[in-house]
Amino acid sequence: MSTRILPAVGDADAVRSLTTLIGQLPDVEPLAPVTDSTQLVDTLSRLAAESLDELPEVVVVHERIGPVPALELIREVALRFPAVGVVLVTSDASPGLFQAAMDHGARGLAALPLSYEELASRVQAVAQWSAGVRRHLGAGGDPVPGAGGTVVTVSGAKGGVGATLTAVQLALAAQTSGRATALVDMDLQTGDVASYLDVQFRRSVVDLAAINDISPRVLADAVFRHDSGLALLLAPAEGERGEEVTDRAARHIVGALRSRYEVVVVDCGAQLGGAGAAAVEMADRALLVTTPDVIAVRGAKRTVRMWDRLQIRKAEETTVVVNRHTRSTEIQPPLIARITGTAVAATTVPAHFKELQGVVDAGRVHELEAKSTVKQAMWALAGELGLVRTPQTGHKGGRPRGDRGAAGFRRRRDGTG
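- An unreviewed UniProt entry annotates the protein as AAA family ATPase originating from Streptomyces tunisiensis.

Next comes the structure, spelled out in structure tokens:
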């Protein structure tokens with residue numbers, strides 16, 4: 001049986017030399033190379049969605065891959081696709097880098113300039129390891145554990161547009177439908193998830209920032225289990241400590257959560273920091289919440305352009321959610337789509353703040369009445385995004401009887417999630 005190798009190389013000259021050498025290896029099936037980190041993860045996700053058998057046994061990551069650094073990319077691949085072995089190709093073959101590569105999940109390291117013998121040896125060893133992992137997992141058509149859960153980020157076009165409320169309600173909809181759901185407050189300086197859910201807590205996302213290998217037990221110690229069933233990872237009570245959560249730490253944390261929960265909703269707030277940028281870059285769906293007024297829509301356009309300049313997210317990969325929508329406003333969703341260059345969610349959230357005021361002031365937004373049109377719209381949005389399990393496939397303990405707030409369960413759009 002041949003070994004499938006997927007090269008991930010950003011430099012054109014390196015692509016040619018590496019693919020030529022791989023093509024000379026015995027019993028090897030080279031796959032078309034990918035040129036950046038996003039393309040690599042997207043390719044593996046697409047193959048994993050088909051079956052475990054479709055994934056390559058070996059991924060060869062060149063040290064100059066981008067925009068995500070090579071070690072961080074290896075960490076993400078190892079967390080999401082544990083049956084894929086990664087070989088790092090680098091000019092630095094020092095013991096320190098070797099140890100760092102192993103700590104991040106690499107299964108081998110090959111030094112530049114590459115030699116046939118060294119590459120063949122590394123690929124053979126990693127391919128044997130991958131085959132053993134797949135036998136252990138069982139490749140009989142079961143879902144791929146490494147693909148992990150769905151990560152959705154919720155950002156605000158500016159402060160006060162309703163990003164946190166949207167994140168909370170999307171997470172509640174997913175949890176209530178029977179999907180294990182984590183809600184992360186990555187608005188590190190001004191996060192309000194704890195206030196919205198009436199939570200007193202000791203641990204926060206900062207407690208995970210310095211941990212390189214986040215085990216299930218360590219993660220469980222940092223997570224707060226809410227009465228609704230949500231797993232909460234909250235922003236620090238002292239906003240200045242938010243600086244301790246770097247973009248690297250955020251990738252580790254989101255990756256660890258993705259491996260443990262079916263749905264991970266991340267509230268990124270309206271200010272872009274390194275941690276929030278990393279979360280948006282990793283997300284399966286990136287939502288940008290705006291209100292239908294000139295200032296907020298300008299803010300949405302500014303955010304979309306900034307994400308694109310920083311290579312965090314392309315406009316066409318971003319979905320704008322219109323909150324506080326009324327039919328009488330001059331700025332309607334089709335206009336917002338033209339201005340921002342993004343897709344706009346078909347579900348809009350109506351401007352009925354009176355329904356919210358009591359539960360917001362009490363810090364009990366999880367007790368928002370099922371008849372609330374705001375709740376119905378946000379849960380319909382969750383259905384549109386594919387975050388909920390439909391009643392036909394949901395299991396016991398899902399949506400309570402009489403809760404008609406999950407109207408979106410019947411509005412799930414094919415191909416999302």
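From this point, the discussion proceeds with the structure in view.
Focus: the packing of helix α11 (residues 294-309) against helix α12 (residues 333-340)
Next up, step 1: Contact geometry for α11 and α12: axes closest at 9 Å, N-to-C directions at 35°. For the element pair α11 and α12, the recorded crossing hand is right-handed. Of the residues in α12, those in contact with Val297, Ala300, Lys301 and Val304 of α11 are Ile336, Ile339 and Thr340.
Next up, step 2: Taken together, the residues that form the contact of α11 with α12 break down as five nonpolar, one polar and one charged.

A word on the sheet that holds strand β3 (residues 58-62)
Next up, step 1: Strand order in the open sheet formed by five strands is β2-β1-β3-β4-β5, and the pairing between neighbours is parallel. Of all the strands in the sheet, the pair left with one neighbour each is β2 (28-30) and β5 (108-111). Strand-to-strand, the axes of this sheet are offset by a mean angle of 25°, without reference to chain direction.
Next up, step 2: Pairing analysis gives five bridges linking β3 to strand β4 (residues 85-90), with the strands arranged parallel. Bridging from a neighbouring strand, Val60 pairs with Val87 of β4.

Some words on the environment of Leu25
Next up, step 1: Within the secondary structure, Leu25 is located in the loop between α1 (12-23) and β2.
Next up, step 2: In the structure, Leu25 is positioned 73 residues away from Phe98 in sequence and 24 Å away in space, judged by C-alpha atoms.
Next up, step 3: What Leu25 contacts, discounting residues up to four positions off in sequence, is Ile5, Tyr116, Leu119, Ala120 and Val123.

Focus on the sheet that holds strand β11 (residues 285-290)
Next up, step 1: Reading across the sheet, the eight strands line up as β8-β9-β7-β10-β6-β11-β12-β13 and stay open at both edges, with mixed pairing between neighbours. Of all strands in the sheet, those with a lone pairing partner are β8 (224-225) and β13 (343-344), marking the two edges.
Next up, step 2: In terms of strand pairing, strand β6 (residues 150-156) meets β11 through five bridges, oriented parallel. Among the inter-strand pairings, Val152 is bridged to a residue of β11, identified as Arg285.

Quick word on the pattern of salt bridges
Next up, step 1: Inspection of every chain in the model, using the stated rule, returns 16 salt bridges.
Next up, step 2: We note a salt bridge from Arg251 to Glu281, for which the minimum N-O separation is 3.0 Å. With Arg251 in helix α9 (residues 247-258) and Glu281 in helix α10 (residues 274-282), this residue pair connects regions lying 30 residues apart in the sequence. In this structure, Arg251 and Glu281 share a single accessibility class: buried.
Next up, step 3: For Arg364, the salt bridge identified is with Glu367, shortest N-O distance 2.4 Å.
Next up, step 4: Judged by relative accessible area, Arg364 falls into the partly exposed class, the value being 23%.
Next up, step 5: One continuous salt-bridge network, built from bridges that share partners, spans Glu76, Arg80, Arg258 and Asp284.

Parameters at a glance
- Along each chain, residues carry numbers from 1 onward, in the same order as the chain's sequence is written.
- Thresholds applied to this predicted model are a pLDDT of at least 70 for local features of residues and 80 or more for the giving and counting of side-chain atom pairs; totals over whole chains, interfaces and linings are not thresholded and use all residues.
- Excluded from the side-chain calculations are hydrogens and water; all other atoms, namely the structure's heavy atoms, are used.
- Angular values range over 0 to 180 degrees, each being the angle between N-to-C directions of two axes fitted as lines to C-alpha atoms, with helices fitted over their stretch in contact.
- Secondary structure elements are defined from DSSP: runs of H or I of at least 4 residues count as helices, runs of E of at least 2 residues count as strands, and each element is numbered from the N terminus.
- Here is the rule for handedness: rotate from the far helix to the near one, and if that takes an anticlockwise turn smaller than a right angle the crossing is left-handed, while a clockwise turn gives right-handed.
- Here a residue-residue contact requires only that any non-hydrogen atoms of the pair lie within 4.5 Å.
- Gly counts as polar in this scheme, as do all residues outside two lists: the nonpolar Ala, Val, Leu, Ile, Met, Phe, Trp, Tyr, Cys and Pro, and the charged Asp, Glu, Lys and Arg.
- Being paired, for any two strands, means DSSP has found at least two bridges between them.
- Salt bridges are counted wherever a side-chain nitrogen of Lys or Arg sits within 4 Å of a carboxyl oxygen of Asp or Glu.
- Throughout this description, buried means an accessible area under 20% of the type-specific maximum (1.4 Å probe, protein chains only), exposed means over 50%, and partly exposed covers the range between.

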